[in-house]
Structure formats: C-alpha cells, structure tokens
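The chain contents come next:
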Amino acid sequence: MTVTFTQAGKVATGFSFPYVAKYAANEGVITFSDAMELARGVSVNVSPTTSDANKFYANNQEAESGPNRFTGGTATLTVDGLLVAAERFVMGLPAAGEDGWTAYGDSAQIPYVAIGYIARFMSGGQESFTPTILVKTKFQQINSDYATQEEEIDWQTQELTADLFRGDDLNHSWKYLGSDYAAEAEALTALRTKLGVQ
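Residues numbered from 1 in each chain as written. Predicted model: local features only at pLDDT ≥ 70, side-chain atom pairs only at ≥ 80, totals over all residues. Heavy atoms only, no water.

1. Brief notes about the side chain of Thr 130
Inference 1: With respect to the element layout, Thr 130 can be found in strand β8 (residues 126-139).
Inference 2: What makes Thr 130 buried here is its relative accessible area of 3%.
Inference 3: Among the polar contacts listed, one links the side chain of Thr 130 to the side chain of Asp 180, at a separation of 2.4 Å.
Inference 4: Ignoring sequence-local partners within four residues, the contact set of Thr 130 consists of Lys 10, Tyr 117, Ile 118, Ala 119, Phe 121, Leu 177, Gly 178, Ser 179 and Asp 180. (Helix = DSSP H or I, 4+ residues; strand = E, 2+ residues; numbered from the N terminus. Buried < 20%, exposed > 50% of the residue type's maximum accessible area, 1.4 Å probe, protein only. Polar contact = N/O pair within 3.5 Å; in protein donor to acceptor, adjacent residues only side chain to side chain. Contact = heavy atoms within 4.5 Å.)

Here it is in structure tokens:
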C-alpha cells in the first residue's frame, strides 16, 4: 500500500537492503538480471555531478539559462561486509579455482550493475519506505581495512564506491525512484521486481 502524506516533506531515518543486478541495454531498453542482495546496509551517499548551466545574456543581464545535466558521479555504500560471492559479482572475478582461491588479476572484468536499496522516511509521524535504483554503475576497486580486536569488539564496516553513468535508454535514465510504501516488505517486493528477481 502506498502512503499519502499530510506534511509537505519527509525526513530520512534509515537505509536497508542494498541489491545489485547486472545491467544491460538493447535497442534503448534497459534490463537487469542475476540480482542479489549485496550485504547488510549501513549507509549510502549518492553524489551526482552535473554540467555547468548554459547561460544566455541579453540587455546586459542573464536572460535565459539551460538546465544542468547529469554527467556522472559516485555512490558510496557502507555495508557490514561482502561475502565472497557478492565480491566476485561486483568485481567480475572468475570462479574459485579447485583449491578454493579466487584470483584478482587480468581475468577480472568489472561489470556494469544497477544498485538498488530502500530508504526509510518519517513524515507527520508516519513511516514510509522508498525503493531506489541507480541504473548503471561500475564499482571501483575495493579497499580493505581491518584492525585487531582489543578488549571489546570493534565493529568494522566496509566502504564501497561505484561510479554513476547515464543509462542507454532514450531518456538516458540514471536513477529510478519508486513509490512511498507503508511497509518495508512492500518496498522490497517492488525493488526486487524492478530488478528482475524471480
């Protein structure tokens, strides 16, 4: 069930269920496949970049302005940590060898993937969940940062950065924004359906 708000805005209160799916486009139609949950979500930061506004001056003043256009950017996801299967997926790594080891090297082909997630909001005391998909991204090489345990567990998360691209449809879509749902399960169903999860 979608939400109807009584207030003019909503405030973010959470982030969950980051997903990835292989991106493809054929004759202007974008498709997603092999979707999987990436890890458990901690936070996400989406930083698009845009072209400069194209301004026209007349009568000694700015008379017209062409809009800024999306040109790229980055998405930074903080997750609890990738399982080996998820790392292979986003890094385009080969399957593990007979000895169980996965090789980073020339055989790695980092794929274009969609990144999906759910943002939680509050408005007028009403909670809502909005699925979002970054249409075409490519993950950068993953940094590793671990520290030894001292007296207490130091919960260590993993930060991933992906470059953002315009999609190969006629609209050059770079982000899909879903409806506001009253329940997280409904938003997750909508996200999984859009990503092609069977």
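2. Re the packing of aromatic side chains
Inference 1: Evaluated as defined, the whole model comprises 4 aromatic pairs.
Inference 2: Look at Phe 70 and Trp 174: their rings are 4.3 Å apart centre to centre, the planes differ by 0 degrees, and that puts the pair in the stacked class. Here Phe 70, found in strand β6 (residues 70-79), pairs with Trp 174, found in the loop between β9 (158-165) and β10 (175-177); they are 104 residues apart in sequence, far enough to count as distant.
Inference 3: The class for Phe 70 is buried, based on a relative accessible area of 11%.
Inference 4: Geometry around Tyr 112 places Lys 138 over its ring, the cationic atom sitting 4.3 Å from the centre.
Inference 5: When the ring centre of Tyr 176 is taken as origin, the NZ or CZ atom of Lys 194, which lies over that ring, is 4.6 Å away. (Phe/Tyr/Trp six-rings, centres within 6.5 Å; stacked < 30°, edge-to-face > 60°. Lys NZ or Arg CZ within 6 Å of the ring centre and 35° of its normal.)

3. Observations concerning the pattern of salt bridges
Inference 1: Throughout the structure, instances matching the rule amount to 6 salt bridges.
Inference 2: The salt bridge partner of Lys 22 is Asp 34, with a shortest N-O separation of 3.5 Å. With Lys 22 in strand β1 (residues 11-26) and Asp 34 in strand β2 (residues 29-37), this residue pair connects regions lying 12 residues apart in the sequence.
Inference 3: Residue Lys 22 is classed as partly exposed on the basis of its relative accessible area of 36%.
Inference 4: Glu 62 serves as the salt-bridge partner of Lys 55, at 3.9 Å between the closest nitrogen and oxygen.
Inference 5: Residue class for Lys 55 comes out partly exposed when judged on its relative accessible area of 43%.
Inference 6: Using a relative accessible area of 40% as the deciding quantity, one classes Glu 62 as partly exposed. (Salt bridge = Lys/Arg side-chain N within 4 Å of Asp/Glu carboxyl O.)

4. Notes on the environment of Ser 107
Inference 1: Among the secondary structure elements, Ser 107 is positioned in the loop between α1 (84-91) and β7 (113-123).
Inference 2: In sequence terms Ser 107 and Pro 94 are 13 residues apart; their C-alpha atoms lie 6.9 Å from each other.
Inference 3: With sequence-adjacent residues up to four places away left out, Ser 107 is seen in contact with Gly 92 and Pro 94.

5. Quick notes on the environment of Thr 132
Inference 1: Note that Thr 132 resides in strand β8.
Inference 2: The class of Thr 132 is buried, set by a relative accessible area of 7%.
Inference 3: The spacing of Thr 132 and Val 46 is 86 residues in sequence and 11 Å in space, taken between C-alpha atoms.
Inference 4: Once residues within four sequence positions are removed from consideration, Thr 132 is found in contact with Ile 115, Gly 116, Tyr 117, Lys 175, Tyr 176, Leu 177 and Leu 191.

6. Examining α1
Inference 1: Of the residues making up α1, those classed as buried are Ala 86, Phe 89, Val 90 and Met 91.
Inference 2: On the buried face of α1, the contacting elements are β1, β2, β7 and β8.
Inference 3: Two residues or fewer past α1, Gly 92 is found with a positive phi of approximately 65 degrees.

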